[in-house]
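Reading the structure
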Amino acid sequence: MKNRYPTAQVISIPSVKVLWTDTEPLNTRELPYVLFVDESIAYDPDSKMSGSTLCEDVPGYYRRMRELFNRVENSLGLEVRIGCSGKYLYPDPKTLFGPRRVSYGQTLKLLRGCSLAIGHMSLALDQAIASRKPVLLLDDPAFTAYRRQGFRDVIARFRVQPVINETVGDSLLRQTMRRDLGFYADVE
């Protein structure tokens, strides 16, 4: 900012899309968990309005995600939970996510308490920055070019390339959990 506008006085205004203060206490009796930040790939209202498609193989996408969740749970020994915005309420979320807890409208709070956040490019992932949580960014082989356009911004925020969900294994998960998150202060 100072490079572009050297005489400007910067006023820091906290984003409304992040819980900056601990207004609600976390349930400290919860076991550690991993949170997948869902983006409603099949029912995205913005892409529908623009006549675009996010994913060319929606059933395959959800199958690959369930397989990933199984690998994460087996590797880390942590439950994977699903955080949904509530823009779309799934009639039967178990068909998409398997036997996992699905929560609507609680994503920011759940991000504050998770051990690892997994997602694609949701703006809700900014809560992971404010809460200093490691993030695993995912791509999927069936995502369209339209969908991948948004990765540019998320790569800049998290300083890591998204990985294809099918390639995530034990080594990458452990590396992600140990990643130095000191750069989050600069991003913030």
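This text goes with the structure placed above it.
Residues numbered from 1 in each chain as written. Predicted model: local features only at pLDDT ≥ 70, side-chain atom pairs only at ≥ 80, totals over all residues. Heavy atoms only, no water.

Attention now goes to the sheet that holds strand 3 (residues 102-104). The six strands are arranged 3-2-1-4-5-6 in an open sheet whose pairing can be described as parallel. Two strands close off the open sheet at either side, each with one partner strand: strand 3 and strand 6 (163-164). As judged from the two bridges shared by strand 5 (residues 135-139) and strand 6, these two strands associate in the parallel manner. Bridge pairing links Asp139 to Ile164 in strand 6. Of the strands in this sheet, strand 4 (116-119), strand 5 and strand 6 are in contact with helix 8 (residues 170-178), which crosses strand 5 at around 135°. (Pairing = 2+ DSSP bridges. Helix = DSSP H or I, 4+ residues; strand = E, 2+ residues; numbered from the N terminus. Contact = heavy atoms within 4.5 Å. Axes fitted to C-alpha atoms, helices over the stretch in contact; angles between N-to-C directions.)

Residues in a regular strand point their side chains to alternate faces of the sheet. Taking burial as the measure, the five residues of strand 5 include five buried ones, the bulk of the element. The alternating pattern of strand 5 places Val135, Leu137 and Asp139 and Leu136 and Leu138 on opposite faces, both of which are buried. With three bridges connecting them, strand 4 and strand 5 associate as parallel partners. What sits directly across from Gly119, in strand 5, is Leu137. (Buried < 20%, exposed > 50% of the residue type's maximum accessible area, 1.4 Å probe, protein only.)

Look at helix 2 (residues 58-76) against helix 8: their axes get within 10 Å of each other, and the N-to-C directions meet at 70°. It follows that helix 2 is roughly perpendicular to helix 8 by the angle criterion. Taken as a pair, helix 2 and helix 8 cross one another with a handedness that is right-handed. For the pair helix 2 and helix 8, the contacting residues are Arg71, Val72, Ser75 and Leu76 in the first and Asp170, Leu173, Arg174 and Met177 in the second. (Parallel < 35°, antiparallel > 145°, perpendicular 65-115°, else oblique. Left-handed = near helix turned anticlockwise from the far one by under 90°.)

In total, this model carries 10 aromatic pairs according to the counting rule given. Summarising the aromatic geometry, the rings of Phe183 and Tyr184 are spaced 4.9 Å apart at their centres and angled 70° between planes, so their arrangement reads as edge-to-face. A network of ring pairs unites the aromatic residues Tyr43, Tyr61, Tyr62, Tyr88, Tyr90, Phe97 and Phe143 as a single cluster. When the ring centre of Tyr33 is taken as origin, the NZ or CZ atom of Arg81, which lies over that ring, is 4.9 Å away. Sitting over the face of the ring of Phe143, Arg147 holds its NZ or CZ atom 5.2 Å from the ring centroid. (Phe/Tyr/Trp six-rings, centres within 6.5 Å; stacked < 30°, edge-to-face > 60°. Lys NZ or Arg CZ within 6 Å of the ring centre and 35° of its normal.)

On their own, these measurements won't tell you what the molecule is for.
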